[in-house]
Amino acid sequence: QLVASGGGLVQPGESLTLSCSASGLPLEHYAVGWFRQAPGKEREGISCILSTGDATFYADSVKGRFTISKAANTVYLQITALGPEDSGVYECAADPWEQDMCARPGKPSLDMKYWSTGTPVTVSG
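The rules behind these values
- Residues numbered from 1 in each chain as written.
- Predicted model: local features only at pLDDT ≥ 70, side-chain atom pairs only at ≥ 80, totals over all residues.
- Heavy atoms only, no water.
- Pairing = 2+ DSSP bridges.
- Helix = DSSP H or I, 4+ residues; strand = E, 2+ residues; numbered from the N terminus.
- Phe/Tyr/Trp six-rings, centres within 6.5 Å; stacked < 30°, edge-to-face > 60°.
- Buried < 20%, exposed > 50% of the residue type's maximum accessible area, 1.4 Å probe, protein only.
- Lys NZ or Arg CZ within 6 Å of the ring centre and 35° of its normal.
- Contact = heavy atoms within 4.5 Å.

**Student:** Can you break down the pairing of strand E7 (residues 66–71) residue by residue, with the values?
**Tutor:** Here 6 bridges tie E7 to strand E8 (residues 74–79), and the two strands are oriented antiparallel to one another. The partner of Lys70 across the bridge, within E8, is Val75.

This is the structure:
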């Protein structure tokens, strides 16, 4: 129901936009979060957006270079000035309990209900 796409091999300093597309899951009723799992590290929540699209949240580690946005039934994550530390597998997730899963923690909760498969990002060059 959720499909994350847009990953690939990029050079340091470049920008990338990831997409999280939903089918059968009307995102106007769900908060959506983006997560990253770097090699050898645990999965971390990096950004989320509320169902209305008018409130966004970011983990401290990504503030300034990551921008989450929403259009129709797709949520985007734009990443600028990519560095090797941004390499990893990126996933998106959705949950209807947006206060508990996004707004209150200030970043997406690992307990979100619906998950995509991952899209890998490798920053090298």
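**Student:** Residue-level account of the packing of aromatic side chains, with values.
**Tutor:** With the rule as written, the count across this model stands at 2 aromatic pairs. With a centroid separation of 6.0 Å and 75° between ring planes, the pair formed by Tyr30 and Tyr114 is classed as edge-to-face. One end of the pair, Tyr30, is in the loop between strand E3 (16–22) and strand E4 (31–37); the other, Tyr114, is in strand E10 (residues 114–115), with 84 residues separating them in the sequence. Assessed through its relative accessible area of 25%, Tyr114 is described here as partly exposed. Between the aromatic rings of Phe35 and Trp115, the centroid separation amounts to 4.5 Å while the plane-to-plane angle is 45°, which identifies the pairing as tilted. In this pair, Phe35 sits in strand E4 while Trp115 sits in strand E10, placing the two residues 80 residues apart along the sequence. One Lys or Arg, Arg43, reaches over the ring of Trp115 and ends 4.3 Å from the middle of that ring.

**Student:** Provide a residue-level description of the side chain of Asp86, including the pertinent values.
**Tutor:** On the secondary structure map, Asp86 appears in the loop between E8 and strand E9 (88–95). Among the residues examined, Asp86 registers a relative accessible area of 1% and is labelled buried. Beyond its immediate stretch of four places on either side in the chain, Asp86 contacts Arg36, Arg65, Phe66, Ile79, Ala81, Val121 and Val123.

**Student:** How would you explain unusual backbone geometry if you had to name every residue and give the values?
**Tutor:** If you check the backbone angles, Ala72 has positive phi at about 55° while not being a glycine. Relative to the helices and strands, Ala72 resides in the loop between E7 and E8. Backbone geometry places Ala81, a non-glycine residue, at a positive phi of 45°. Note on placement: Ala81 falls in the loop between E8 and E9. When its relative accessible area of 42% is taken as the criterion, Ala81 is described as partly exposed.

Function cannot be read off these values alone, since they describe shape.
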